[in-house]
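In case you want the letters, here they are:
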Amino acid sequence: MSTLENTELPGTSKDNFDDFYIEVKEIEKRDSVLTPIQQIDRLLRPGSSYFNLNPFEVLQIEPEATIEQIKKRYRQLSILVHPDKNQDNKDRAQKAFDIVNRAWKTLENETARKKCLDVYEEAKERTDYMITEKRKKIKKENKTFEKIPEDDPTKYKHAIYVMAMKLFADMERRRQQLDQRDQEERKRKREAEIEEEEKRKAEKEWQKNFEESRQSRVNSWHDFQAGKTKKSKKQKRMHGMMVPPKFKPESR
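Sequence order as written defines the numbering, with residues in each chain counted from 1. Residues qualify for local features only when their pLDDT is at least 70, as the model is predicted, and side-chain atom pairs are given and counted only at 80 or more; totals for whole chains, interfaces and linings, by contrast, use all residues. Side-chain numbers here rest on the full set of heavy atoms in the structure, without hydrogens or water.

Named according to an unreviewed UniProt entry, the protein chain is J domain-containing protein originating from Glossina brevipalpis.

Description of unusual backbone geometry
Its identity as a non-glycine residue notwithstanding, Gln 60 has a phi of 55°, on the positive side. Helix and strand assignments follow DSSP, with helices taken as H or I runs no shorter than four residues and strands as E runs no shorter than two, numbered in order from the N terminus. Within the fold, Gln 60 resides in the loop between helix 4 (55-59) and helix 5 (67-81).

A word on the layout of surface pockets
We place a 1 Å grid over just the protein atoms. Points where a 1.4 Å probe fits but has no way out form a cavity, open points with protein on both sides within 12 Å along at least 5 of 7 lines form a pocket, and any residue with an atom within 4 Å of a point lines it. Grid points are joined across faces, edges and corners, and a volume is the space filled by probe spheres set on the points. Taken as a whole, the second largest pocket spans an internal volume of roughly 370 Å³. Around the second largest pocket sit 17 residues that line it, and Leu 53, Pro 55, Thr 106, Met 171 and Glu 172 are the ones nearest its centre. Residues are grouped as follows: nonpolar covers Ala, Val, Leu, Ile, Met, Phe, Trp, Tyr, Cys and Pro; charged covers Asp, Glu, Lys and Arg; every other residue, Gly included, is treated as polar. Residues belonging to the lining of the second largest pocket are distributed by class as follows: 10 nonpolar, three polar and four charged. Delimitation of the domains relies on an automatic or database domain assignment. Looking at the lining of the second largest pocket, you find at least three residues from each of domain 1 (25-108) and domain 2 (115-215).

Things to note about the confidence of the model for the protein chain
The predictor rates its confidence in each residue with pLDDT, a number between 0 and 100. Taken over all residues, the pLDDT of the protein chain has a mean of 80, while the share at 70 or more is 74%. Confidence, expressed as mean pLDDT per element, reaches its minimum in the protein chain at helix 1 (residues 14-30) with 56 and its maximum at helix 6 (residues 90-108) with 96. Note that pLDDT drops below 50 for residues 5-12; the model gives that stretch 15 contacts with residues more than four away or on any other chain. Working rule for contacts: check all heavy atoms of both residues, and any pair within 4.5 Å makes them a contact.

Below, the structure written as structure tokens:
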């Protein structure tokens, strides 16, 4: 999965995001049973890398669904987008099928599904806190007659959904950061191992060369010692010989 920094998001503001979400939901509501092409387009729509971080969103199923319901929905959706069922659109179908399969693998795993449910629980808590703060502000400004959008159950549910999407995105960013740090650490260790290995090779090569040149050094030393001995004997013989006296001119 590409990094979130490169993900094409539906908009840069909350209003744009809400508009995009409403548009998508209206399309899904209009087509109670989406066709294979519509499902493929939904899963590969602009911002899909962002939306598809949420496996419940991928499978279009509520977080409260049982594992049996999730599995049934996965089978229905995987058949719709399967490449064999979409020969005219095989490459895009394969991508959509992989997304659906990845979402199922996440929710099939009990530990991973628990983490996803925890995301929704945190999203609900944050949304409830936000609503409480809004009500405090209204009360402080003596505008108790005003209602907040989240008083509408549909908009309340939407607010939780939006918050959950943000939390899924944060979780993915943290995962990518940990992966990057892990890769950098492995790279650093590997470089250190290579450096140590090269050092050992150099030491081994030096030792090999040293051993190979040992006999040559020994022979050179023997030759030097032998030459020194011969010179010493020659000097001794010269000392033992009679040296003729120096000629002195006759004085008158």
